[in-house]
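Chain by chain, the residues run as shown.
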Amino acid sequence: MSTVTPQLDLTPEERAALQARSAAGRAAINAKKKLTSPWASFVAVVLAFLWTVPTFGLLVTSFRPELAIKTSGWWTFFANPETTLDNYKAVLSTEGSSGLGAYFVNSFVIVIPAVIIPICLAILAAYAFAWIDFRGRNALFVAVFALQIVPIQVTLIPLLTLYVDAGLAGTFWTIWLSHSIFALPLAIFILHNFMKEIPKELIEAARMDGAGHVKILFRVLLPLMKPAIAAFGIFQFLWVWNDLLVALTFAGGGTAVAPITVGLANLSGTRDTAWHLLSAGSFVAIIVPVVVFIALQRYFVRGLLAGGLKG
Amino acid sequence: MDIATKFLTMALAILIFVAVVGVILFIAGRSERTSGKRVAFLFLLPTAIMLTVGLLYPAVRTIFYSFFDAAGTSFIGLGNYETIFGSAEQLIVLRNTAIWVLITPFVATAIGLLYAILVDGARGEGPAKALIFLPMAISFVAASVIWKFVYAFRPDQPNVNQIGLLNQILVWVGLPPQQFLISTPFNTLFLIVVMIWIQAGFAMTILSASIKAIPDDVIEAARLDGVNPFEMFRFVTLPAIRPSVVVVMTTISIATLKVFDIVRTMTGGQFDTSVVANEFYSQSFRSDNQGLGAALAVLLFVLVVPIVVYNVHQLRASEAR
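Residues numbered from 1 in each chain as written. Chains lettered and ligands numbered in written order. Predicted model: local features only at pLDDT ≥ 70, side-chain atom pairs only at ≥ 80, totals over all residues. Heavy atoms only, no water.

Chemist: Let's hear about the overall build of chain A: which residues, and what values?
Modeler: For chain A, the count of helices and strands is 15 helices and zero strands. Look at the contacts in chain A between residues 6 or more apart in sequence, and 70% of them connect residues 24 or more apart. (Helix = DSSP H or I, 4+ residues; strand = E, 2+ residues; numbered from the N terminus. Contact = heavy atoms within 4.5 Å.)

Chemist: Pulling in residues and values, what's your account of the overall build of chain B?
Modeler: Within chain B, the secondary structure is distributed over 13 helices and zero strands. In chain B, the order of α-helices and β-strands from amino to carboxyl end is α-α-α-α-α-α-α-α-α-α-α-α-α. A total of 321 residues make up chain B; the buried ones form 52% of that total. Considering only intrachain contacts with a sequence separation of at least 6, the fraction spanning at least 24 residues in chain B is 65%. On chain B, roughly 14700 Å² of surface is accessible, and the fraction owed to carbon and sulfur atoms is 68%. A distance of 9 Å separates the average location of the 20 positive side-chain charges in chain B from that of its 18 negative side-chain charges. (Buried < 20%, exposed > 50% of the residue type's maximum accessible area, 1.4 Å probe, protein only. Areas by Shrake-Rupley, 256 points an atom, 1.4 Å probe, with all protein chains shown as cover. Lys, Arg positive; Asp, Glu negative; His and termini not counted. Charge placed at Lys NZ, Arg CZ, Asp CG, Glu CD.)

Chemist: Account for the UniProt feature "transmembrane region" (unreviewed entry) in chain B, naming residues and giving values.
Modeler: The residues that UniProt annotates with the feature "transmembrane region" (unreviewed entry) are residues 6-27, 39-57, 63-81, 93-118, 130-151, 188-211, 232-257 and 292-312 of chain B. In residues 93-118 of chain B, the share of helix is 100% and the share of strand is 0%. The end C-alpha atoms are 37 Å apart. (UniProt positions renumbered as here; feature names shortened; annotations may be inferred.)

Chemist: Please set out the domain arrangement of chain B residue by residue, giving values where relevant.
Modeler: According to the domain assignment, chain B contains domain 1 (3-65) and domain 2 (89-320). Spacing between the C-alpha centres of domain 1 of chain B and domain 2 of chain B amounts to 37 Å. (Domains from an automatic or database assignment.)

Chemist: Please give an account of the packing of helix 5 (residues 101-131) of chain A against helix 1 (residues 3-31) of chain B that cites residues and values.
Modeler: Between helix 5 of chain A and helix 1 of chain B, the shortest axis-to-axis distance is 10 Å and the interhelical angle comes to 5°. Between helix 5 of chain A and helix 1 of chain B, the angle is such that the two are roughly parallel. Contact residues: helix 5 of chain A offers A:A102, A:V105, A:N106, A:F108, A:V109, A:I112, A:P113, A:I116, A:I117, A:C120, A:L121 and A:L124, while helix 1 of chain B offers B:I3, B:K6, B:F7, B:M10, B:I14, B:F17, B:V21, B:I24 and B:L25. Of the residues that constitute the contact of helix 5 of chain A with helix 1 of chain B, the class distribution is 19 nonpolar, one polar and one charged. (Axes fitted to C-alpha atoms, helices over the stretch in contact; angles between N-to-C directions. Parallel < 35°, antiparallel > 145°, perpendicular 65-115°, else oblique. Nonpolar A, V, L, I, M, F, W, Y, C, P; charged D, E, K, R; others polar.)

Chemist: Talk me through the packing of aromatic side chains; I want residue IDs and the actual numbers.
Modeler: Inspection of the entire model under this criterion finds 33 aromatic pairs over all chains. Measuring from ring centre to ring centre gives 5.0 Å for A:F108 and A:W241, while their planes differ by 75°; the resulting arrangement is edge-to-face. With A:F108 in helix 5 and A:W241 in helix 11 (residues 226-242), this residue pair connects regions lying 133 residues apart in the sequence. Note on A:F108: relative accessible area 27%, which makes it partly exposed. Feature note: the residues A:F56, A:W74, A:W75, A:F77, A:F78 and B:W172 constitute an aromatic cluster, connected by ring pairs. Cation over ring: A:K196 sits above A:W131, and NZ or CZ is 5.3 Å from the ring centre. (Phe/Tyr/Trp six-rings, centres within 6.5 Å; stacked < 30°, edge-to-face > 60°. Lys NZ or Arg CZ within 6 Å of the ring centre and 35° of its normal.)

Chemist: For the interface of chain B and chain A, give the residues involved together with the corresponding values.
Modeler: Counting residues at the interface gives 103 residues for chain B and 105 residues for chain A. Here chain B meets chain A over a buried area of about 9200 Å², counting both sides, of which 80% is carbon and sulfur. Sorting elements by how many residues they give to the side of chain B that touches chain A places helix 2 (residues 36-65) of chain B first, with 19 residues. Tallied by class, the residues present in the side of chain B that touches chain A amount to 72 nonpolar, 18 polar and 13 charged. (Buried area = accessible area lost by both parts, 1.4 Å probe.)

Chemist: With reference to specific residues and values, describe the confidence of the model for chain A.
Modeler: Residues and elements named next belong to chain A. Per-residue pLDDT for chain A has a mean of 82; in total, 84% of the residues score no lower than 70. In this model, residues 1-10 is a region of pLDDT below 50 whose contacts with residues beyond four sequence positions or in other chains number three contacts. This stretch, residues 307-311, has a pLDDT under 50; its non-local contacts, to residues over four places away or in other chains, come to 21 contacts. (pLDDT = per-residue confidence, 0-100.)

Chemist: Would you mind going over the nonpolar core in detail, with residue names and values included?
Modeler: Of all hydrophobic cores here, the largest spans 205 residues; its most connected members are A:Y127, A:M195, A:L221, A:W275, B:F43, B:W100 and B:Y115. Per element, the largest residue contribution to this core is 21 residues, and it comes from helix 5 of chain A. With residues up to four places along the chain from it excluded, the contact list for A:W275 reads A:L58, A:T61, A:I69, B:V145, B:K148, B:F149, B:A152 and B:I163. (Core = buried A, V, L, I, M, F, W, Y, C linked by side-chain atoms within 4.5 Å.)

Chemist: Lay out the UniProt feature "domain: ABC transmembrane type-1" (unreviewed entry) in chain A in plain terms, naming residues and giving numbers.
Modeler: What UniProt calls "domain: ABC transmembrane type-1" (unreviewed entry) maps, in this numbering, to residues 104-296 of chain A. The span residues 104-296 of chain A is 80% helical and 0% strand by assignment, and the distance between its end C-alpha atoms comes to 22 Å.

Chemist: Describe the UniProt feature "domain: ABC transmembrane type-1" (unreviewed entry) in chain B, with residues and values.
Modeler: As annotated in UniProt, the feature "domain: ABC transmembrane type-1" (unreviewed entry) corresponds to residues 94-311 of chain B in the numbering used here. Taken end to end, residues 94-311 of chain B comprises 72% helix and 0% strand; its first and last C-alpha atoms sit 23 Å apart.

Chemist: A description of the environment of A:R298 should follow, citing residues and the corresponding values.
Modeler: Residue and element names in this part refer to chain A. Structurally, R298 can be placed in helix 15 (residues 297-306). The exposure class assigned to R298 is exposed, which follows from its relative accessible area of 63%. Between the C-alpha atom of R298 and that of A230, which follows or precedes it by 68 residues, the distance is 9.7 Å.

In structure tokens:
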């Protein structure tokens with residue numbers, strides 16, 4: 001830049017101002033290429049409104065007293081604001097039929113191993129597929145890839161039978177193992193694709209230095225794989241946290257092992273007019289994935305695209 | 001079990017697992033000088049065991065039992081499939097599944113695409129997109145509860161206030177409140193709304209990324225030719241993002257075929273709202289009809305395969321370009 005305009009000796013402030021102006025210019029061009037009618041903005045605002053109001057209504061409801069919820073709509077809250085935390089106290093308690101506290105704890109106990117186990121196993125398998133030569137490698141990899149299309153419904157009853165035979169029925173093990181199994185094909189696929197993109201020279205240089213496979217995996221590949229692991233990790237976290245089918249099948253409905261989704265679904269089935277509990281319970285279930293999602297959003301889109309086939 | 005015990009069990013599980021991986025790495029580290037094959041074998045062993053026992057064997061067994069009766073004891077040939085395609089009850093399930101799959105991908109993709117175009121480059125684009133996208137992060141169960149509240153119904157009596165927003169709107173415009181989740185056949189449509197609400201954000205995110213990837217000079221050239229916004233969309237944007245549109249629609253179709261949580265949470269499959277994935281659960285675990293449940297799972301499998309194959313094909317094609 002200094003060679004093109006040698007006469008311009010800008011102070012940092014001036015340079016920043018220039019850059020800001022050129023950024024503004026670009027934004028103006030961007031703005032022009034859109035449908036610039038006020039209708040476009042109007043439609044966008046209406047859509048955003050429609051998408052937000054249902055959640056907002058339930059959020060407001062979760063802070064209203066039970067009697068107010070039963071006798072008037074949540075929109076009257078703004079004319080007559082009455083707030084309470086009783087609903088949250090009720091759903092977070094671990095006692096009574098309305099308490100979701102135990103389910104909430106179970107969700108954490110379920111989700112942590114169900115994310116860690118498939119990631120570690122998939123790293124090993126993806127490394128073998130990507131960087132070790134052996135006979136039948138491609139056929140085996142295609143087979144693992146193809147397993148992604150098996151709907152989990154097809155596996156549930158035989159798996160349950162196996163768990164019963166192994167004496168694992170009704171324990172956390174059934175859910176940890178099931179989620180790990182269902183996650184493996186996708187995890188291997190994502191991590192393999194990522195490992196393949198790492199330059200061959202890097203691996204060969206390490207090999208020249210006398211590093212074996214284990215060392216290469218830990219010293220060379222793992223530090224580079226953070227984005228891929230995060231992409232899969234967040235996808236798997238949301239998937240396990242939000243899952244209902246696997247949990248219902250293997251955990252049953254009791255508070256011993258079942259996660260918050262099961263607790264909330266039960267509450268919705270048995271007390272479907274208890275909106276003071278349902279509203280607060282929903283937000284207890286929602287808050288964790290939303291926080292994780294917002295914190296790791298940029299990794300999520302990648303995982304989402306790759307993970308569209310799962311389920 | 002109290003909280004401490006639960007977390008101890010979890011720690012134990014992770015420890016056991018770390019030990020297994022440690023042993024594998026240790027043996028692999030010892031043997032890797034001599035043979036890469038042994039390392040590959042060790043690295044793939046846990047995966048191979050889990051996928052064979054946990055996916056392959058159960059899938060084969062389920063296909064096998066789909067030809068057996070409710071108790072899984074006597075062979076009845078195609079009997080379960082005849083029930084699915086022959087009984088009035090099951091035909092409603094098939095009809096509902098068809099409605100779900102015909103409506104959801106198109107509407108969700110259309111709304112996602114429209115919104116992506118409307119907010120592209122606008123001020124506050126990030127937060128505006130987050131509003132539409134957040135439903136993706138929450139569970140189908142929570143989303144169902146949110147919408148159940150929108151549809152909540154109170155009897156139409158003078159001193160009873162509506163607490164569901166949709167019925168209140170009906171009352172405001174002078175119409176009687178409706179039992180949205182009970183009145184067939186439109187209740188299925190009100191369930192589909194929930195799925196669209198969730199999936200539009202997915203469509204919007206993927207398509208927005210795809211729109212941003214269109215080279216600026218292509219758009220500039222089109223503008224110099226004097227195209228209007230609709231021509232721009234029809235002849236520049238749409239052809240450029242076509243592969244992404246296909247991927248988004250097929251992905252939503254697969255998710256829709258397997259929809260279970262929404263139906264179960266909102267109606268439990270009652271009032272003629274059941275779909276294949278929900279019927280699978282009811283038959284397998286509520287009615288103890290193992291054979292019919294297995295046949296429904298196999299049907300789901302058969303319906304998903306062509307969409308997935310097409311999706312993979314499209315992904316390959318779009319990557320090859």
